[in-house]
Amino acid sequence: MSDEPQQQGKQGPVRRPRWASREPQDTPAETAETAEAAEAAETGATAETPQVAAGAAGTADGAVTEGTADGKKGKKPKRPKRKGWRRIFPTWRMVLGGFILIILLCVGGFMAGYMLVDIPAANSAATKQSNVYLYADGTQIARDGEVNREKVPLKDVPLHVQRAVLAAEDRDFYGESAVDPKAMIRAAWNTVTGKGKQSGSTITQQYVKNYYLGQEQTVTRKVKEFFISIKLDREVSKDDILEGYLNTSYFGRNAYGVQAAAQAYYGKNVKDLSVAQGAYLATLLNSPNAYDVATHPENKPRAAGRWNYVLDGMVTEGWLGKSDRAKAKFPTPDEAKGAAGLSGQRGYVVKAVEDYLTANKIIDEETLAKGGYRITTTLQKDRMDAFKEAVDKQVMSKVDKGARKVDRNVRAGGASIDPATGKVVAMYGGIDYTKQYVNNATRRDYQVGSTFKPFVFTSAVENGSVTQDGRPITPNTVYDGTNKRPVQGWSGGTYAPENEDHIDYGDITVRTATDKSVNSVYAQMAVDVGSDKVKDTAVALGVPENTPDLTASPSIALGPSTASVLDMTEAYATLANHGKHGTYTLVEKISKDGSEIELPEPKTSQAVTREAADTTTSVLQSVVQGGTGTAAQGAGRPAAGKTGTAENDTAAWFAGYTPELATVVAVMGQDPETGAHTPLYGALGETRINGGAYPARVWAQFTKAALKGKPVKDFDLELEQGADIPEVPDPTTGGTDEPGTDGGTDGGPDTGGTTDGGTDGGPDTGGTTDGGTDTGGQTGGQTGGQNGGQTGGQTGGQETGGQNTGGPTDGGGIGGPTDGGAQGGPTGGTDPAGGAVDGGTDDGGIGGLTDG
């Protein structure tokens, strides 16, 4: 062995400089390779080593090979094309590039918006326009007043009032930026997903909207609001923004700013407001119309809930001590005073139209308050005048506040709807908007009483309901009308309602129970139908689903719910329109700056079947013809209606309709100082006020005037099967067990005349004066009249005492003046003429009314 290798082994491998190539030098043979071999070398393989080339081609994802077979380093191969499902998805380079592009665009857009959008001058809120309200014929009803605003410096607003506002609207105001993207996104999401339109605006944004922009809900306005808020937050202090917000916000009652609000609601300056009062004003900022408990007494629970939220927020933020919070009592605001330009009925109309537009989301409250709208209503001037004249003559002319203290509590409300169109043609809100601010036609805080009972019967026919023993419910179905009779089939506990004046009616037909408004019958019927179905029917007819105390229980039949006069008019209009319901409309047209604003398309649906509505109408005709609503005959038109009385006689109602017009009238008792509901005992010189008296008289006078000159139309009715068939008398007793079927005391052939047809029903008496032709005496006492049925001719003979005819003195289905009238005969048939006084004893429940 030579020494050279040994020496190399001792010294180790020779290190080459880092700059030197690690590749071996080309040999002369390699440089002499062909061009083909050189090209192969570019890919990391040679012509002589195909297996190496194959290995290079097989490297994953085009990885760089370490070299060729002869030690040379190859170039990076081309990336293979994406195939199959991989082509669907972007690469991470594309995702990253897109994200960066979006960021750049956003930044660029933000910078451009910030540079281009300047803080403008104050908007037109400071020079608010008036809204003009017109009758249907274009004549002017009212023009709302000047803007009510008084600016005050922030130092004059007590700290507890400022904090109440912050607790209600923006608790992080002093520590947050001008905009809250999270809140804006959350509000947008809630709006899109149907949770209700919500605001994600900070106080800064709200101030910008109030003072610099407008209330329109557009993307352009929101973008401007965003950038102006950011700029404003950089240029002025938080205190300045809060001061501006407090002076520009709308609090309702035409009050702009917290000082005007303090005067409008409490008659004092803002600096004198208590914590509780300040919290109530803060509550109003969310929705003045929804929380004004003086204008809408039914809002009290909702307003109290929001008020508690504000106070609890102040405690949470450390702005109010727990002991002070516990002492706070809800501060009921003063009754509002209407502007002088809105005196009489004008202010009530304006308020009703505002409620209609905002409730139907046609225009929001703040936008409408900015003004400039020309609003044509559906109200007709001549009918509005007729309503006022009827109330003045029948009710207000009887008021004597000097002689009777209770008379100062008397109020009245009314509304009238054209059933064919759903248009409100007349309304009576009160004696004067500047004296009684609450609209008695739209308020929802008085029980509707027995005016609700027809909806129970309508539901029975609509649902094909039967009694507990399986008999179909028709106008002639017999029920037990015993006072305080416990309802059967109700699992919710014992319920035994009292009849008015504690009268026991015994067995009685549905028609007569409606005439007499018998509570025990209708409570049982509600159970037979299903109180949940009764509620559904009432809602379908037009009673709002959220009406207070509209609960599915047997008591629903007695009317504890507090629908408004206008609500009840809508429901009765549905009955008048053969079961077709169209939501009432109060606005015919609305425009601003010459451009019309789109109104909702009127929608009509068949709420209940025609048979259900028409059969109810036939029953309600009987109430007017011979029941508690006979005063409505003064209209001189075919009419159907129902009387009602609220608990403790705090309100009396009459709801009725002709084929052309549905009208509801209510007389209410309310203390003018406290706002509390009061009984009407002794009012207007009467022992008690019921729906068949003053309300029915107002209804009759108004309806007569409203339809003057129009042809008299009768009802075109399609009744349910069996509705016109009377109960078949029991041959063993001469009639049903129902008192007042006029079959005599025991229905026997020899005793019928004791209560009908004279003292003994002799063969020569009764006939012509008892509804029969010549047979009254011979047949009157034997069976009580085979064809007299439900309507009074039961004792007057076979021929003409039938369901709908009857003789002129026997009443038949109409309730003549001496048979089936309001009182029945005074002596129970002592006149030997037979039937001249037909009606039994002086007990209308057994003779007269039950007989007609």
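Keep in mind that what you see is a predicted model, and the values were worked out from it rather than measured.

1. Some remarks on the overall build of the chain
From N to C terminus, the chain includes 27 helices and 16 strands. In the chain, 67% of the contacts between residues at least 6 apart in sequence involve partners at least 24 apart. Just so you have it, the chain exposes about 39500 Å², and 51% of that area is on carbon and sulfur atoms.

2. Some points on the environment of Gly692
Mapping Gly692 onto the fold places it in the loop between strand S16 (662-669) and helix H25 (694-706). It is 9.3 Å that separates the C-alpha atoms of Gly692 and Val624, two residues lying 68 residues apart in sequence. When neighbours within four sequence positions are excluded, Gly692 is seen to be in contact with Thr628, Ala631 and Thr643.

3. Things to note about the packing of aromatic side chains
Under the defined criterion, the tally for this structure stands at 15 aromatic pairs. Seen in terms of ring centroids, Phe173 and Tyr174 are 5.0 Å apart; in terms of plane orientation they differ by 75°. Their pairing is edge-to-face. The class for Phe173 is buried, based on a relative accessible area of 1%. Plain terms: the ring middles of Tyr250 and Tyr256 are 4.8 Å apart, the flat faces sit at 45° to each other, and that makes the pair tilted. Each of the two residues, Tyr250 as well as Tyr256, counts as buried. One aromatic cluster is present, built from ring pairs that chain together Tyr265, Tyr266, Tyr280, Trp307 and Phe330.

4. Regarding the pairing of strand S11 (residues 587-592)
Pairing between strand S5 (residues 373-377) and S11: 5 bridges, direction antiparallel. From the neighbouring strand, Thr376 faces S11, where its bridge partner is Lys589. Where S11 and strand S12 (residues 595-596) come together, 2 bridges link them in antiparallel fashion. Note that in S12 the partner of Ser591 across the bridge is Glu596. Where S11 hands over to S12, the hairpin turn is made up of 2 residues, of which Asp593 adopts a positive phi near 55°.

5. Notes on the nonpolar core
Leu357, Phe455 and Met525 are the most contacted members of the largest nonpolar core, which totals 118 residues. In terms of residues, this core owes the most to one element, helix H23 (residues 565-576), which gives 8 residues. With residues up to four places along the chain from it excluded, the contact list for Phe455 reads Thr537, Ala538, Leu541, Val543, Met568, Ala571, Tyr572 and Leu575. Counting 49 residues, the second largest nonpolar core, distinct from the first, contains Ile203, Leu242, Ala255 and Val258.

6. Regarding a positive patch on the surface
A surface patch of like charges, here positive, comprises Lys393, Lys398, Arg697, Lys704 and Lys708. Within the fold, Lys708 resides in the loop between H25 and helix H26 (776-783).

7. Here's the deal with a nonpolar patch on the surface
Side chains of Trp92, Leu96, Phe99, Ile100 and Ile103 sit close together on the surface and give an oily, nonpolar patch of about 530 Å² of accessible area. Take Ile103: its relative accessible area is 39%, and that puts it in the partly exposed class.

8. A short note on the sheet that holds strand S14 (residues 640-645)
With antiparallel pairing, 5 strands are arranged side by side in an open sheet as S7-S6-S16-S15-S14. Lying at the two open borders of the sheet, with one neighbouring strand each, are strand S7 (423-428) and S14. Each strand axis lies, on average, 10° off the axis of its neighbour in the sheet, ignoring direction.

9. Topic: the pattern of salt bridges
Following the criterion strictly, the structure yields 25 salt bridges and no others. We note a salt bridge from Asp445 to Arg443, for which the minimum N-O separation is 2.8 Å. In this structure Asp445 comes out as buried when scored by relative accessible area, which is 14%. Residues Asp469 and Arg471 are paired through a salt bridge, measuring 3.1 Å at the closest nitrogen-oxygen approach. Overall, the relative accessible area of 54% leaves Asp469 in the exposed class.

10. Brief notes about the pairing of S16
The buried fraction of S16 is high, at 8 of 8 residues. Because side chains alternate across S16, one face comprises the buried residues Ala662, Val664, Ala666 and Met668, and the other comprises Thr663, Val665, Val667 and Gly669, equally buried. In this structure, strand S6 (residues 410-418) lies alongside S16, joined through 8 bridges in antiparallel fashion. Across the sheet, residue Ala415 finds its bridge partner in S16, namely Val664. Pairing analysis gives 7 bridges linking strand S15 (residues 651-657) to S16, with the strands arranged antiparallel. Each residue of the ladder has a partner; that of Ala655, found in S16, is Val664. Between S15 and the antiparallel strand that follows it, S16, lie 4 residues.

What counts as what
Along each chain, residues carry numbers from 1 onward, in the same order as the chain's sequence is written. Where totals are concerned, whole chains, interfaces and linings use all residues; where local detail is concerned, this predicted model gives features only for residues with pLDDT of at least 70, and gives and counts side-chain atom pairs only at 80 or more. Working from all heavy atoms in the structure, the side-chain values ignore hydrogens and water. Helix and strand definitions here come from DSSP, where helices need a minimum of 4 consecutive H or I residues and strands a minimum of 2 consecutive E residues; each element is numbered from the N-terminal end. Working rule for contacts: check all heavy atoms of both residues, and any pair within 4.5 Å makes them a contact. To be clear on the numbers: accessible area is Shrake-Rupley with a 1.4 Å probe, and residue cover counts the displayed protein chains and nothing else. For Phe, Tyr and Trp, where Trp contributes only its six-membered ring, two rings pair if their centres lie within 6.5 Å, and the inter-plane angle classes them as stacked under 30 degrees, edge-to-face over 60, or tilted in between. Only protein chains enter the accessibility calculation, which uses a 1.4 Å probe; a residue is then buried when its area is under 20% of its type maximum, exposed when over 50%, and partly exposed in between. By the convention used here, strands pair only if DSSP detects at least 2 bridges between them. To define a nonpolar core, start from buried Ala, Val, Leu, Ile, Met, Phe, Trp, Tyr and Cys residues and group those joined through side-chain atoms within 4.5 Å. Patch definition: residues with relative accessible area over 30% and no salt bridge; like charges joined within 9 Å; nonpolar side chains (Val, Leu, Ile, Met, Phe, Trp, Tyr) joined within 5 Å. When a carboxyl oxygen of Asp or Glu lies within 4 Å of a side-chain nitrogen of Lys or Arg, that pair is called a salt bridge. Positive charges are assigned to Lys and Arg, negative charges to Asp and Glu, while His and the chain termini are left out of the count. Throughout, a charge is located at the NZ atom of Lys, the CZ atom of Arg, the CG atom of Asp or the CD atom of Glu. Axis geometry follows a simple rule: fit a line to the C-alpha atoms, using only the stretch in contact for helices, then measure angles between N-to-C directions, giving values from 0 to 180 degrees.

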